[in-house]
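If you want the building blocks of each chain, they are given just below.
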Amino acid sequence: MKRFKISPPVAALFLAVVLFLLSGFLPNSYGSNVKVALSQATNIIRLAVFLGVIAAGQTLVIISGFEGIDLSAGSIVTLTAILTYVMVKGEDNVVLPALLVSLVVGAIIGMLNGIGVTFLKISPFVMTLGMSGVVTGAIIIINHGNVSGKVAPIMTRLIARPISQSIPIPGAIVIWLIFGVLMWLLLERTTFGKNLFAIGVNRVTAKLSGVNVTGMNLATYSLAGLLAGFGGFLVVGNTGVVLIQLGQPFLFPSIAAVAVGGTLLSGGKGSYWGSMAGAIVLTLITSLLTTMQMPDSVRRMVLGGTLLILISIYGRQQALRQ
Amino acid sequence: MKKRITWDFLMARYPAFFPLILLVLSIAVNLFLQPNMFVRETLNSNMRVFLPLIILAVGQAIVLLGGGIDISVGGVVSIINTILATRVGLDGSSEKMWQFVLISLVAGALAGAINGFFIAYLRLQPIITTYATSFLYAGLALFILPNPGGGIPADIANLYRTSTPLGLPLAFYVIVILLLIWMYVSSTRYGKYLFAVGGKADAAYETAVPVTRVQFSIYVISGFMAALAGIAITMLSGSGNAEIGSSMTLNSITAVVIGGNAFSGGIGGVTGPVMGAVTLSLIQNIISFGHINTWWETLVKATIIVVALAAPGVINLIRRRRV
Amino acid sequence: MAKSLSARNIVKRYGGVVALSDGNLDVSTGEVVALIGANGSGKSTMSKVINGVVVLDGGQLLLDDKPAYFSSPQAAKNMGIATVFQELSLIPQMTVAENIWLTREPMTAFGTVNRILIKDKTEQLLSLFRGTYKTDLRPDDPVASLPPDEKQLIEILKAISFDPWMIILDEATASLDSRQVQRLFELIGAWKEADKAIVFISHRMEEIFSIADKYSVLRNGKTVGAGDMKDIDDKELVKLMIEKESVFSFSRADSKNGKKEKPVCLEVKDLRTDSLHGVSFSVHEGELVGIGGLRGQGQRDLLLSLFGDVPYSGTVNLFGNEIRLRHPREAMKLGMALVPGDRAREGLLYIRSILENLQLPSWAQYGFPLRIGKAKRDAEQAGASLNLKMAGLQEPVSSLSGGNAQKVVLGKWLMRKPKLLLLDDPTKGVDVGTKAEFYALLTQLCSEGKTILFYSSTDEELVGLCDRVLVVHDGLIRTELSGASLTKENLIGASLGVSNEGVR
């Protein structure tokens with residue numbers, strides 16, 4: 001692995017800025033209007049919030065090593081979004097219970113992933129992929145026909161609108177910033193975080209130094225599920241509608257975001273700040289493609305190619321011959 | 001002191017044992033629900049539906065044997081389908097069809113070579129690399145054919161559907177040929193290399209096995225087989241759809257796992273996965289026949305897959321507890 | 001086929017660690033050259049350079065005095081050089097026959113492997129060691145089902161199966177019993193007659209003096225001496241291997257007085273694991289007890305099971321209370337500590353910082369959110385007390401030399417003030433200066449009342465440091481040596497075990 005002098009999150013942010021500046025040259029863009037540019041930038045970041053939150057759980061499982069990944073995140077987002085939608089029905093006072101349900105449901109699905117990975121020794125990729133099929137099956141059952149529901153005003157107020165008249169920052173961004181700080185605390189200032197990095201680097205050393213590797217694994221996947229549930233709650237609060245494919249478009253970019261942010265896909269090293277910067281980069285790319293009116297197929301190819309390039313830079317394993 | 005004849009020993013020597021039992025069981029259940037299963041028409045109809053997955057499973061089996069995994073197979077199937085549907089079209093000529101069949105096989109091998117390059121030569125992780133290319137390939141398929149449509153000449157599709165040389169389904173012959181080829185390959189030096197690289201790559205390297213080349217080759221084979229499967233499924237459906245391959249990836253992995261191949265590599269073969277693919281297809285058949293509420297079908301099928309993937313792990317867990 | 005191989009001034013680095021700085025070797029046909037050196041001296045690296053597994057960073061290889069370059073193991077093989085490794089290069093799921101003939105299988109006209117011919121040729125090779133096998137060894141057996149000594153024999157057969165002119169035996173006798181070693185030496189004699197060249201890497205003096213014609217000594221990555229075996233004796237060889245006459249010049253003094261009156265710290269009865277067949281002993285507080293014996297006789301299992309990492313049957317009492325540990329966490333809570341045998345794979349988080357390595361078991365005591373400042377201060381203190389040479393706590397532990405890295409492994413436990421320390425070959429790959437610091441440290445800890453149980457593959461350490469040594473052979477404690485009987489000769493004798501009937 002090449003050693004960069006700049007830390008990856010900073011490099012990612014730099015990339016985001018460059019991409020944004022380049023986008024100014026496109027037609028229908030902000031041109032040289034600073035005010036419009038700022039508002040567009042804020043919009044991008046606001047869009048990036050949802051990807052960022054969904055990338056949080058992904059960050060955790062990837063740091064935990066052993067080819068950790070969570071492919072069920074997309075379907076968990078859809079499921080919890082639907083559950084919230086159906087539960088809330090426009091009433092403010094059901095919002096908190098709905099949030100709790102989202103978190104718990106997400107955590108349960110995550111826990112099932114964790115059990116399969118830890119006790120049944122199924123590869124995380126395959127386990128979470130299989131689980132995502134099961135969750136999708138559940139979604140179809142819940143959703144057959146159309147679901148009726150409505151998002152509560154307080155959710156839209158907090159998530160989609162700015163905090164107040166004087167501060168034009170959307171609530172979602174503030175939520176994300178607080179979330180980011182909490183994630184940093186979790187990773188760098190708790191025993192859980194230290195142990196997470198430890199098992200990501202070397203599970204044998206971790207166990208022989210007293211870390212409960214099995215427990216950590218279960219906790220990590222459950223937490224990832226919970227965070228995806230939170231993501232679903234936020235997403236429905238922003239869009240106000242639910243679709244079968246609501247969460248799926250976030251899945252691949254969430255993994256790419258983590259990779260851009262400098263978290264090693266082999267585990268043991270990384271940060272959530274990096275994933276946040278990565279989420280902004282990925283959202284920029286997607287939004288640029290939309291502005292250029294590129295079809296979904298091009299979006300997919302660009303994303304696939306981007307991840308491929310990223311892992312070629314960041315993800316080289318040890319050579320056979322040293 | 002006696003050598004340890006353990007379950008591992010048995011599974012290593014006769015990996016197709018367990019999937020055989022499963023296959024027999026699923027045939028029995030299927031027979032019960034569909035008594036005319038072995039009648040020529042029904043058998044032919046079933047086999048040609050199963051064939052694409054069987055072919056895909058063969059390719060995936062070889063990749064897993066060699067210590068890798070290929071998540072992009074579904075994407076390659078889709079690309080082949082869209083190429084055939086658009087380039088040949090419903091009114092294409094037979095020559096054009098066969099021309100593009102050849103091109104498809106090359107394309108599949110090329111797609112596999114791309115995977116092989118990144119994994120064997122740049123030494124990237126197989127799972128994440130083929131995940132990235134799966135997106136790339138799926139996007140390409142969608143680009144070639146944004147909306148379902150197009151197709152292949154009706155008489156070629158009919159050829160596939162109705163061919164029963166000597167009374168047996170065409171699919172049957174394909175399977176037999178594939179198995180024969182595997183029997184040959186597994187007794188060549190290359191076959192030994194495959195097991196060695198999948199079993200313990202560093203030991204193979206120290207024994208001067210050309211590990212990198214072997215690792216590259218398994219992805220080319222997988223891409224080729226995916227293209228073959230794409231041709232089969234196009235002949236089956238007769239039309240084009242860019243999403244046609246998306247569910248096949250997980251199915252192919254499940255079929256190989258049911259078939260007794262170790263996820264880590266070096267154990268198993270191709271016979272088991274073929275049986276696994278048939279078993280999985282039969283199970284999906286059973287569900288369709290079982291008159292389950294349509295809404296529940298997806299959930300049930302997905303749960304079966306998870307159970308199938310979990311089964312080896314559960315068995316191992318029980319064994320370890322007993323010891 | 002060549003007649004001689006020379007290695008001149010070989011340099012090899014692994015990342016920041018220099019394994020070889022000046023390696024030299026001369027081998028010719030018809031002789032056995034012993035490559036000798038302490039653990040970590042660069043012996044294994046030397047053999048890996050010669051057979052092309054690693055790239056050399058400096059120096060030259062000469063075949064018949066002409067420069068040669070091995071670009072891969074295949075290249076070395078083509079030149080007729082075969083190696084029998086320490087870490088086996090066998091594929092566990094494949095059979096004995098498949099493993100021996102891998103890449104060189106006899107073929108049929110159809111391009112497939114000739115099963116019958118392979119079986120015959122394998123039987124021929126297997127017959128070379130007939131009579132020394134413990135099981136009924138057949139060509140079709142999967143290697144995974146064989147015991148370690150037979151795996152090693154297959155490894156040897158694999159090497160000679162392509163009739164090389166030079167054979168490197170890298171600690172090949174480590175897992176063999178005496179009958180098998182004897183037969184191997186007979187074969188080596190035959191190979192010499194057949195004009196082959198043999199490089200024999202070993203740390204067992206008796207074997208070296210029994211089989212070698214010439215010697216070459218490596219110390220800390222440099223070749224420090226070479227010559228004919230008949231011109232040297234074992235004491236001088238040992239002197240070449242270590243820098244000072246004796247690293248144990250500090251006196252153990254009266255540290256032994258009053259030891260037996262102290263209460264019993266650890267009592268073990270009939271401990272059994274996969275490789276232990278009923279071990280019983282007891283250790284008093286403040287004792288420094290050594291475990292001896294050749295590697296792989298169960299010592300590692302002993303320490304790991306005491307620490308809760310390996311399941312066992314039997315009784316273990318700690319300070320009078322019976323314990324049954326299921327996880328190292330529980331052992332830690334009872335005041336135990338384990339320094340594992342493989343530093344890079346079991347003792348350290350290689351890419352993380354020194355701080356995180358030192359505090360790995362101890363974060364829970366720093367509260368929530370973690371008081372990093374205090375953690376840093378405690379870590380610095382621990383590092384200072386061990387004389388740890390580092391650029392800073394934030395540096396990755398991979399930037400440290402072997403000796404300093406080992407200090408981190410030790411330090412992370414000493415910070416917790418453990419009462420019982422289990423050490424698995426703690427000075428492996430550590431330079432001599434640091435070794436001396438460790439010896440002083442261990443003795444000091446014992447005088448403070450801590451108990452130490454430690455395994456070492458270096459006989460001098462056990463003789464120089466320990467109050468008592470329990471010699472393990474074949475999963476049982478064969479002898480206990482202490483006081484006057486604790487000498488190197490007795491250790492070696494006990495390590496080789498009593499007679500071997502081939503029955504476990």
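Participant: Sorry, what's going on with the domain arrangement of chain C here?
Facilitator: Interface size is often expressed as the accessible area that is lost when the parts come together. All names here are of chain C. Per the domain assignment, the segments making up chain C are domain 1 (4-242), domain 2 (246-335 + 419-504) and domain 3 (344-417). Taken together, the contacts link 16 residues of domain 2 with 13 residues of domain 3. Summed over both partners, the interface of domain 2 with domain 3 comes to about 1100 Å²; 67% of that surface belongs to carbon and sulfur atoms. Among the residues domain 2 hides against domain 3, the three largest losses belong to M332, E437 and F438. Together they make up 37% of the total. For the pair domain 2 and domain 3, the interface holds 2 salt bridges. When the shortest N-O distance is used, the salt bridge between K407 and E437 registers 2.9 Å. Across the contact surface, domain 2 and domain 3 share 3 residue pairs in polar contact (both at pLDDT 80 or more). Ranked by residue count, the leading element in the side of domain 2 that touches domain 3 is helix 15 (residues 432-447), at 5 residues.

Participant: Sorry if this is basic, but what is going on with helix 1 (residues 8-23) of chain A here?
Facilitator: Over its 16 residues, helix 1 of chain A extends 22 Å from the first C-alpha to the last, a length consistent with the 22 Å expected when each residue adds 1.5 Å. Buried residues belonging to helix 1 of chain A abut helix 2 (34-63), helix 11 (248-260) and helix 12 (272-291) of chain A.

Participant: I tried to follow the confidence of the model for chain A on my own but got confused; where do I start?
Facilitator: Fine structural detail should not be taken from predicted coordinates in areas where pLDDT scores are low. Overall, the predicted model of chain A reaches an average pLDDT of 87, with 92% of residues at or above 70. When the elements of chain A are averaged for pLDDT, helix 6 (residues 153-159) of chain A gives the smallest value, 77, and helix 8 (residues 191-201) of chain A the largest, 95.

Participant: Mind showing me how you'd approach helix 13 (residues 296-314) of chain A here?
Facilitator: Think of an α-helix as 3.6 residues a turn; residues three or four steps apart then line up on the same face. Spanning 19 residues, helix 13 of chain A covers 27 Å between terminal C-alpha atoms, matching the ideal 27 Å at 1.5 Å per step. By the criterion of burial, helix 13 of chain A is predominantly enclosed, with 14 of the 19 residues buried.

Participant: Sorry, what's going on with a nonpolar patch on the surface here?
Facilitator: A surface patch of nonpolar side chains, about 480 Å² in accessible area, is lined by V104(A), I108(A), M111(A), L112(A), I115(A) and F119(A). Considering the arrangement of structural elements, one finds I115(A) in helix 4 (residues 95-118).

Participant: Is there a simple way to explain the environment of Q381(C) in this structure?
Facilitator: As for its position among the elements, Q381(C) is in helix 13 (residues 372-385). Through-space distance from the C-alpha of Q381(C) to that of G411(C) is 10.0 Å; in sequence the pair is 30 residues apart.

Participant: Just to check I follow, could you spell out the packing of helix 3 (residues 40-65) of chain B against helix 7 (residues 154-162) of chain B for this structure?
Facilitator: The relative placement of two packed helices comes down to the angle between their axes together with the axis-to-axis distance. Residue and element names in this part refer to chain B. Running from N to C, helix 3 and helix 7 point in directions that differ by 110 degrees, and their axes come no closer than 9 Å. On the basis of the axis angle, helix 3 is roughly perpendicular to helix 7. Residues N44, R48, L51 and P52 of helix 3 form the contact with helix 7, whose participating residues are Y160, R161 and T162. For the contact of helix 3 with helix 7, the residue count by class is 3 nonpolar, 2 polar and 2 charged.

Participant: Explanation requested: the sheet that holds strand 19 (residues 468-473) of chain C in the structure shown.
Facilitator: Hydrogen bonds between backbone atoms are what pair the strands of a sheet, whose relative direction is either parallel or antiparallel. Residues and elements named next belong to chain C. Taken in spatial order, the 6 strands line up as 16-17-18-13-19-20 in an open sheet, and their pairing is mixed. Every other strand in the sheet has two partners, leaving strand 16 (336-339) and strand 20 (476-482) as the edge strands with one partner each. Strand after strand, the sheet turns through a mean of 20 degrees between neighbouring axes, direction not considered. The pairing of strand 13 (residues 288-292) with strand 18 (residues 451-455) spans 4 bridges and is classified as parallel.

Participant: It is not clear to me how the side chain of T29(C) should be interpreted in this structure. Could you clarify?
Facilitator: Here T29(C) is to be found in the loop between strand 2 (17-28) and strand 3 (32-37). Look past the residues within four positions of T29(C) in its chain and what remains in contact with it is A2(C), K3(C), W165(C), D195(C), K196(C) and A197(C).

Participant: Looking at this model, I keep getting lost on the interface of chain A and chain B. Mind explaining?
Facilitator: At the junction of the two partners, chain A supplies 46 residues and chain B supplies 39 residues. Inspection of the chain A/chain B interface yields 1 salt bridge. One salt bridge in this structure joins R300(A) and E243(B), with 3.2 Å as the shortest N-O distance. Summed over the shared surface of chain A and chain B, the number is 1 residue pair in polar contact (both at pLDDT 80 or more). Contributions of two or more residues to the side of chain A that touches chain B are made by helix 5 (124-143), helix 11 and helix 13 of chain A. A breakdown of the residues in the side of chain A that touches chain B according to their chemical character gives 26 nonpolar, 14 polar and 6 charged.

Parameters and conventions
Residues numbered from 1 in each chain as written. Chains lettered and ligands numbered in written order. Predicted model: local features only at pLDDT ≥ 70, side-chain atom pairs only at ≥ 80, totals over all residues. Heavy atoms only, no water. Domains from an automatic or database assignment. Contact = heavy atoms within 4.5 Å. Buried area = accessible area lost by both parts, 1.4 Å probe. Salt bridge = Lys/Arg side-chain N within 4 Å of Asp/Glu carboxyl O. Polar contact = N/O pair within 3.5 Å; in protein donor to acceptor, adjacent residues only side chain to side chain. Helix = DSSP H or I, 4+ residues; strand = E, 2+ residues; numbered from the N terminus. Expected span 1.5 Å × (residues − 1). pLDDT = per-residue confidence, 0-100. Buried < 20%, exposed > 50% of the residue type's maximum accessible area, 1.4 Å probe, protein only. Patch = residues over 30% accessible without salt bridge, like charges linked within 9 Å, V, L, I, M, F, W, Y side chains within 5 Å. Areas by Shrake-Rupley, 256 points an atom, 1.4 Å probe, with all protein chains shown as cover. Axes fitted to C-alpha atoms, helices over the stretch in contact; angles between N-to-C directions. Parallel < 35°, antiparallel > 145°, perpendicular 65-115°, else oblique. Nonpolar A, V, L, I, M, F, W, Y, C, P; charged D, E, K, R; others polar. Pairing = 2+ DSSP bridges.

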